[in-house]
Amino acid sequence: MVAEGIETLISMRAEVLGRVDAMPELAVLDADLLLAFNYWFSAGLLVLRRLEWSSPARTLEYMIVHEAVHEIKGWDDLRRRVEPADRRCYGLFHPSLPDTPLIFLEIALTAAVPETISEILAPGRERIPSAQIRTATFYSISNCKPGLRGIPFGNMLIKQASAFLAAEFPSIRTFVTLSPMPGFANWLKSARAQDSTRLAHLEPVLKILDEKDWSERDDRRKILQPALQLAAAWYLCEIREVGGGVADPVARFHLGNGARLENICFWADTSVKGRKQSHGMMVNYRYIFDDVADNRSAYHETGQVVLSDRVRQLLRQ
């Protein structure tokens, strides 16, 4: 109830989370803080707000600092993401923190489902007329408060933002993501080092990854594409963490929210970060809201990953 009290407690929990592995006794304090935060940050207390170029400078600067997926390279880059008519950005706010979003979602309004991030972020891209908009693509979601980890803001934000977009653009029929696959490259390296039986027949092709210049050569990438897409499909669908959920954290988030694994996009993120974490691969997850509840139940109750026909056919190869 005191000035900056909630902000202080959020920072305290962030510190607790950073120390709890080394100091297990802090788990009790962490549980108490999380219980309180679930009350204080419930859906009824949060406000969805569109983030625009006219938003307060402090809010815009906060976005630049906390963008977690695709770095915002200064004010001009931020403007390209929030000002054009075919771009939207929404954040969830708490009354005690009016100028700082707890989480924000960046959206590209497109004609078709994009399969590369350059289609969305290229400075000289062609803007989409409103009459041609058919798809809303969620390409970045950033949690701004590490101390609020464990509270399901992301699911809430996607649902509310989708409802706003559907009302503003009745022509939108498809809601998808263009998502990173942050654990894929490390998993693939480990699996190859362990002589994974599953990857054995792909290994002659996967050896191209050991060539220093493979990413610069179209001919080598063309040979690699089917093997990497199949390995990525296995990773997303079948590699599990200790608790039984899929190993990839982004997949775990979207599948746990009821999305469908729609497509695996080759050479979709050619940035240094994209090449390092996933060999340039990205993923489309699709939200069909009539199916979300069933998909979520299937994932949480049986571990089933709901697939598009396209991904299912890839796995049959």
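These lines cover the structure that appears in this document, whether it is placed above or below.

Parameters at a glance
Residues numbered from 1 in each chain as written. Predicted model: local features only at pLDDT ≥ 70, side-chain atom pairs only at ≥ 80, totals over all residues. Heavy atoms only, no water. Helix = DSSP H or I, 4+ residues; strand = E, 2+ residues; numbered from the N terminus. Rg over C-alpha atoms; globule rule 2.2 N^0.38 Å. Buried < 20%, exposed > 50% of the residue type's maximum accessible area, 1.4 Å probe, protein only. Pairing = 2+ DSSP bridges. Right-handed = clockwise from strand over helix to strand, strands pointing away. Arc of directions from axis to C-beta. Contact = heavy atoms within 4.5 Å. Axes fitted to C-alpha atoms, helices over the stretch in contact; angles between N-to-C directions. Parallel < 35°, antiparallel > 145°, perpendicular 65-115°, else oblique. Phe/Tyr/Trp six-rings, centres within 6.5 Å; stacked < 30°, edge-to-face > 60°. Lys NZ or Arg CZ within 6 Å of the ring centre and 35° of its normal. Salt bridge = Lys/Arg side-chain N within 4 Å of Asp/Glu carboxyl O. Nonpolar A, V, L, I, M, F, W, Y, C, P; charged D, E, K, R; others polar.

## Digging into the overall build of the chain
Part 1 of the argument: Of the regular secondary structure elements, the chain holds 13 helices and seven strands.
Part 2 of the argument: What you see for the chain is a C-alpha radius of gyration of 20 Å, in line with the 20 Å of a compact globule of 317 residues.
Part 3 of the argument: Seen through its C-alpha atoms, the chain measures out along the principal axes to roughly 65 × 55 × 40 Å.
Part 4 of the argument: With 317 residues in all, the chain has 50% of them scored as buried.

## Some words on unusual backbone geometry
Part 1 of the argument: Non-glycine residue Asp195 carries a positive phi angle of around 55 degrees.
Part 2 of the argument: Take Asp195: it is sitting in the loop between helix H7 (184-193) and helix H8 (203-206).
Part 3 of the argument: Among the residues examined, Asp195 registers a relative accessible area of 65% and is labelled exposed.
Part 4 of the argument: Phi at His279 takes a positive value of approximately 55 degrees, unusual for a residue other than glycine.
Part 5 of the argument: Mapped onto the secondary structure, His279 falls in the loop between helix H11 (272-278) and strand E7 (282-286).

## Details of the pairing of strand E4 (residues 135-143)
Part 1 of the argument: For E4, the tally of buried residues reaches seven of nine residues, placing the bulk of the element in the interior.
Part 2 of the argument: Inspection of the sheet shows strand E3 (residues 103-110) paired to E4 by eight bridges, in the antiparallel sense. Within E4, the position partnered with Phe104 by the bridge is Ser142.
Part 3 of the argument: Pairing analysis gives four bridges linking E4 to strand E5 (residues 174-177), with the strands arranged parallel. Residue pairing in the sheet places Thr135 in a bridge with Thr174 of E5.
Part 4 of the argument: For the segment spanning E4, helix H6 (residues 153-168) and E5, crossover handedness is right-handed.

## A short note on H7
Part 1 of the argument: Within the span of H7, buried status applies to Phe184, Ala185, Trp187, Leu188, Ala191 and Arg192. Each buried residue of H7 sits inside an arc of 160 degrees when the element is viewed along its axis, so together they form one side. With respect to the buried face of H7, the exposed residues turned more than 90 degrees away are Asn186, Lys189 and Ala193.
Part 2 of the argument: Against the buried residues of H7 lie H8, helix H9 (218-238) and H11.
Part 3 of the argument: Following H7 by one or two positions, Asp195 has its phi on the positive side, about 55 degrees.

## Brief notes about the packing of helix H10 (residues 249-256) against helix H12 (residues 292-302)
Part 1 of the argument: Following both chains from N to C, one finds H10 and H12 inclined at 125 degrees, their axes separated by 8 Å at the closest point. Accordingly, the angle class assigned to the pair H10 and H12 is oblique. Here Arg252, Leu255 and Gly256 of H10 lie close against H12, whose contacting residues are Arg296, Tyr299 and His300.

## Notes on the packing of aromatic side chains
Each aromatic ring pair is described using two quantities: the centre-to-centre distance and the angle formed by the ring planes.
Part 1 of the argument: This model, assessed by the stated rule, comprises 14 aromatic pairs.
Part 2 of the argument: Site record: aromatic cluster; members linked through ring pairs are Phe37, Trp40, Phe41 and Phe153.
Part 3 of the argument: In this structure, Arg49 is placed above the aromatic ring of Phe93, and the distance from its NZ or CZ to the ring centre is 3.9 Å.

## Quick notes on helix H3 (residues 57-66)
Part 1 of the argument: Of the residues making up H3, those classed as buried are Thr59, Leu60, Tyr62 and Met63. Angular distribution of buried residues about the axis of H3 spans 155 degrees; they occupy a single face of the element. Along H3, the residues that are exposed and aim more than 90 degrees away from the buried face are Ala57, Arg58 and Val65.
Part 2 of the argument: In this fold, the buried residues of H3 make contact with helix H4 (75-82), strand E2 (87-93) and E3.

## Some words on the pattern of salt bridges
Part 1 of the argument: Inspection of the entire model under this criterion finds 23 salt bridges.
Part 2 of the argument: Between Arg310 and Glu115 there is a salt bridge, with the nearest N and O atoms lying 3.5 Å from each other. Here Glu115 lies in the loop between E3 and helix H5 (118-121) and Arg310 lies in helix H13 (residues 309-316), a separation of 195 residues in the sequence.
Part 3 of the argument: Residue classification places Arg310 among the exposed residues on the basis of a relative accessible area of 51%.
Part 4 of the argument: Note on Glu115: relative accessible area 32%, which makes it partly exposed.
Part 5 of the argument: With its nearest N and O atoms 3.0 Å apart, the salt bridge here joins Arg192 to Asp210. Taken together, the residues Arg192 in helix H7 and Asp210 in the loop between H8 and H9 connect sequence positions 18 residues apart.
Part 6 of the argument: The class for Arg192 is buried, based on a relative accessible area of 17%.
Part 7 of the argument: Among the residues examined, Asp210 registers a relative accessible area of 54% and is labelled exposed.

## Notes on the packing of H7 against H9
Two packed helices can be described by the angle between their axes and the distance between those axes.
Part 1 of the argument: In the contact formed by H7 and H9, the axes pass within 11 Å of each other and the chain directions differ by 100 degrees. If you check the angle between H7 and H9, you find them roughly perpendicular. Packed against H7, whose contacting residues are Phe184, Trp187 and Leu188, the element H9 presents Leu228, Ala231, Ala232 and Tyr235 at the interface.
Part 2 of the argument: Of the residues that constitute the contact of H7 with H9, the class distribution is seven nonpolar, no polar and no charged.

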